Amino acid sequence: MILEKVGRRVKELRNEQGISQEKLALKAEIDRTYLAGVEVGKRNISIKSLEKILKALDITFADFFSEM
């Protein structure tokens, strides 16, 4: 359940910013297929990887989780 919620939130924020999975993955320095897996809730994302994604999206952990 939590993996799906985190993935949906990442995808929502990415779409709001109008960037592709590939562009976000490059900015976050992670593999695009890993990001795709996160967005569909198939990957058990680490805090470190989530931090990279949030930095690339320019959003804080507090803001990320406040909308969940």
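All residue numbers refer to position in the chain's written sequence, counted from 1. Since the coordinates come from a predicted model, pLDDT governs what is reported: local features require at least 70, and pairs of side-chain atoms require 80 or more to be given and counted, while whole-chain, interface and lining totals use all residues. Neither water nor hydrogens contribute to the side-chain values; these are computed over all heavy atoms in the structure.

## Here's the deal with the pattern of salt bridges
Here's step 1: Counted as salt bridges are all cases of a side-chain nitrogen of Lys or Arg within 4 Å of a carboxyl oxygen of Asp or Glu. All chains considered together, the criterion is met by 3 salt bridges.
Here's step 2: When the shortest N-O distance is used, the salt bridge between Arg14 and Glu39 registers 2.6 Å. Here the residue Arg14 occupies a position in helix α1 (residues 2–16), and Glu39 occupies one in helix α3 (residues 32–39), the gap between them amounting to 25 residues.
Here's step 3: The buried label applies to any residue whose accessible area, calculated with a 1.4 Å probe on protein chains only, is under 20% of its type's maximum; exposed applies above 50%, and partly exposed to all values in between. Residue classification places Arg14 among the buried positions, given a relative accessible area of 8%.
Here's step 4: For the salt bridge of Glu51 with Lys48, the shortest nitrogen-to-oxygen distance reads 3.3 Å. Of this pair, Glu51 and Lys48 both sit in helix α4 (residues 47–57), 3 residues apart, which is roughly one turn of the helix.
Here's step 5: Taking the relative accessible area as the measure of exposure, Glu51 reaches 25% and is therefore partly exposed. In this text, helices come from DSSP runs of H or I with a minimum length of four residues, and strands from runs of E with a minimum of two, each type numbered from the N-terminal end.

## Points about the nonpolar core
Here's step 1: Put simply, buried Ala, Val, Leu, Ile, Met, Phe, Trp, Tyr and Cys residues joined by side-chain atoms within 4.5 Å make one nonpolar core. In terms of nonpolar packing, the biggest core is built from 19 residues, with Val10, Leu24 and Ile53 touching the most fellow members.
Here's step 2: At the level of secondary structure, the elements contributing two or more residues to this core comprise α1, α2 (21–28), α3 and α4.
Here's step 3: Examining the composition of this core, we find that 5 residues originate from one element, α4, more than from any other.
Here's step 4: Once residues within four sequence positions are removed from consideration, Ile53 is found in contact with Val10, Leu24, Ala28, Ile30, Leu35 and Ile45. In this description, contact between two residues means that some pair of their heavy atoms is separated by no more than 4.5 Å.

## Notes on the packing of aromatic side chains
Two aromatic rings, taken as a pair, are described by how far apart their centres are and by the angle between their planes.
Here's step 1: Working definition: rings of Phe, Tyr and Trp (its six-membered ring) pair if their centres are within 6.5 Å, and the pair is stacked with planes under 30 degrees apart, edge-to-face with planes over 60 apart, and tilted otherwise. Evaluation of the coordinates by the stated rule reveals 2 aromatic pairs.
Here's step 2: Aromatic side chains Phe61 and Phe65 sit 6.4 Å apart centroid to centroid with 15° between the ring planes, which places their arrangement in the stacked category. Here Phe61 and its partner Phe65 are both found in helix α5 (residues 61–66), 4 residues apart, which amounts to about one turn of the helix.
Here's step 3: Taking the relative accessible area as the measure of exposure, Phe61 reaches 32% and is therefore partly exposed.
Here's step 4: Look at Phe64 and Phe65: their rings are 4.9 Å apart centre to centre, the planes differ by 90°, and that puts the pair in the edge-to-face class.

## Re α4
Here's step 1: Ser49, Leu50, Ile53, Leu54, Ala56 and Leu57 are the residues of α4 that are buried. Here the buried residues of α4 occupy an arc of 160° about the axis, which is enough to place them on one side. In α4, the exposed positions angled more than 90 degrees off the buried face are occupied by Ile47, Lys48 and Lys55.
Here's step 2: Close packing links the buried residues of α4 with α1, α2, α3 and α5.
Here's step 3: Within two residues after α4, Asp58 carries a phi angle of roughly 60°, on the positive side. Taken from the helix axis, the directions to the C-beta atoms give the arc we talk about.

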